[in-house]
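Residue-level listing of the chains:
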Amino acid sequence: MDEEAKINKSKINKLMQEYSKGLVLLSSWLVLKGYPYELQQQYRRSGWMKSIGKGAMLKSGDSLLLSGALAALQSQANINIHIGGRSALELNGIAHYLQLASPEVTLFVLGKTKLPSWFINNKWDIDYRVFKVSLFKDDTIGLVNYQDTGIDMKISSSGRAMMECLSLCPTIFSLTEAYELMEGLSTLRPKQVQELLESCKSIKTKRLFLYFADRARHSWFKYINLTKIDLGSGNRSLANNGILIPKYNLVLPKELS
């Protein structure tokens, strides 16, 4: 075996061992890691790798895992997409006692983000729904590390996930369910909540978050400095024939007043 063949064999061995099963590998990123396009083509021809769309591959035998796709988008393509909302609360152990896990995962991505065709066109192991929301001044605030079968990715912390749920109220997400979720958030850290509220751009979301936390009588609520949070002016009506909560200028259904 000549020297070049030896090097290529050790490289493919490294590739097979170094990256988690199910992790999508992007061609452009592999080039940066020392695997030129010609070598990648060789791996595909030899059956080590398989293409799953333009610029994306899996190791042969690996399944199409949503977690493997999200990890690639986050760490290889630098796209801010993550599991958020109710799905993140489930992964953080908050929402499981309310009802059975939702059959689809809720993903959040910045408003103008274009997702690659390899992601959109493949059928992953879990169904998902993408919400394009630009909710925070700092897009990365409140994201935490999560590991799924050896694959590392970022998901929303409980505080951020709650705000993502509230941003979808009342049209896509039920106010009643949102309040039930808030009742389970008794252990949030005030400092982190403060940072999230100061970074949040949605007046409705901030007012709902504060009112629900206040109504649930969470002990951390008293440490929140409201003077540093922009709560806008005027009423926000989220229910027909609702009742006004004067402290938060919210019009809500009678059962939540």
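Up top you'll find the structure we're talking about.
Values in this document were obtained by computation on a predicted structure and should not be read as measured data.

Description of the overall build of the protein
When you go through the protein residue by residue, the secondary structure sums to 10 helices and 11 strands. Considered along the principal axes of its C-alpha atoms, the protein spans approximately 80 × 30 × 30 Å. Per-residue burial over the protein gives 47% buried out of 257 residues. Considering only intrachain contacts with a sequence separation of at least 6, the fraction spanning at least 24 residues in the protein is 66%. Between the averaged position of the 33 positive side-chain charges in the protein and that of its 23 negative side-chain charges there is a distance of 4 Å.

A few points about the environment of H82
When you line up the elements, H82 lands in strand β4 (residues 81–83). In this structure, the C-alpha to C-alpha distance between H82 and S237, residues 155 residues apart in sequence, is 30 Å. Setting aside anything within four residues of it in sequence, one finds H82 in contact with Q74, T106, L107, F108, L143, K154, I155, S156, R160 and E164.

Considerations on the packing of helix α8 (residues 175–183) against helix α10 (residues 203–215)
Relative to each other, α8 and α10 sit at 55°, their axes nearing to 9 Å. Here α8 lies oblique to α10, going by the angle between them. Where α8 crosses over α10, the handedness of that crossing is right-handed. Contact residues: L175, A178, Y179 and M182 in α8; L208, F209, F212, A213 and R215 in α10.

Quick look at the sheet that holds strand β11 (residues 250–252)
Across a sheet, strands are paired by hydrogen bonds formed along the backbone, either parallel or antiparallel in direction. Spatially, β9-β11-β10 is the arrangement adopted by the 3 strands of the open sheet, whose pairing is mixed. With partners counted over all chains shown, the strands left at the sheet margins are β9 (236–237) and β10 (243–245), one partner each. As paired elements, β9 and β11 share 2 bridges and run parallel to each other. The residue of β11 that forms the bridge with S237 is V251.

A word on the sheet that holds strand β1 (residues 25–26)
The sheet built from 3 strands is open, its strands ordered β1-β3-β2 with antiparallel pairing. Of all strands in the sheet, those with a lone pairing partner are β1 and β2 (49–51), marking the two edges. Taken together, the 3 bridges between β2 and strand β3 (residues 56–59) define a ladder with antiparallel strand orientation. Across the sheet, residue K50 finds its bridge partner in β3, namely L58. The sheet strands contacting helix α3 (residues 37–45) are β2 and β3, and the helix crosses β2 at an angle near 100°.

Details of the packing of aromatic side chains
Counted under the stated rule, the structure contains 11 aromatic pairs. With a centroid separation of 5.3 Å and 70° between ring planes, the pair formed by Y179 and F212 is classed as edge-to-face. With Y179 in helix α8 and F212 in helix α10, this residue pair connects regions lying 33 residues apart in the sequence. Judged by centre distance (5.9 Å) and plane angle (45°), the rings of Y211 and F212 are tilted. A relative accessible area of 8% means that Y211 is categorised as buried.

Here's the deal with the environment of R207
Mapped onto the fold, R207 is located in helix α10. Judged by its relative accessible area of 2%, R207 is buried. Apart from residues no more than four positions distant in its own chain, R207 is found in contact with L231, G232, S233, G234, N235, R236, Y248, N249 and L250. Polar side-chain contacts of R207 include one of 3.0 Å to the backbone oxygen of N249.

Overview of the pattern of salt bridges
Any two side chains of opposite charge can pair, on the condition that their charged atoms come close. Applying the stated criterion across every chain, the model contains 8 salt bridges. E18 is paired through a salt bridge with K14; the nearest N and O atoms lie 3.3 Å apart. Here K14 and E18 lie together in helix α1 (residues 3–18), a separation of 4 residues that amounts to about one turn. For E195, the salt bridge identified is with K191, shortest N-O distance 3.2 Å. A residue pair is termed a helical-turn pair when its members lie 3 or 4 positions apart in one helix, as E195 and K191 do in helix α9 (residues 190–199) at 4 residues. A residue is classified by how much of its surface remains accessible, and E195, at 37% relative accessible area, is partly exposed. Residue classification places K191 among the exposed positions, given a relative accessible area of 62%. Each of R86, E90 and E177 takes part in one network of salt bridges that share partners.

Reading the values: the criteria
Residues numbered from 1 in each chain as written. Predicted model: local features only at pLDDT ≥ 70, side-chain atom pairs only at ≥ 80, totals over all residues. Heavy atoms only, no water. Helix = DSSP H or I, 4+ residues; strand = E, 2+ residues; numbered from the N terminus. Buried < 20%, exposed > 50% of the residue type's maximum accessible area, 1.4 Å probe, protein only. Contact = heavy atoms within 4.5 Å. Lys, Arg positive; Asp, Glu negative; His and termini not counted. Charge placed at Lys NZ, Arg CZ, Asp CG, Glu CD. Axes fitted to C-alpha atoms, helices over the stretch in contact; angles between N-to-C directions. Parallel < 35°, antiparallel > 145°, perpendicular 65-115°, else oblique. Left-handed = near helix turned anticlockwise from the far one by under 90°. Pairing = 2+ DSSP bridges. Phe/Tyr/Trp six-rings, centres within 6.5 Å; stacked < 30°, edge-to-face > 60°. Polar contact = N/O pair within 3.5 Å; in protein donor to acceptor, adjacent residues only side chain to side chain. Salt bridge = Lys/Arg side-chain N within 4 Å of Asp/Glu carboxyl O.

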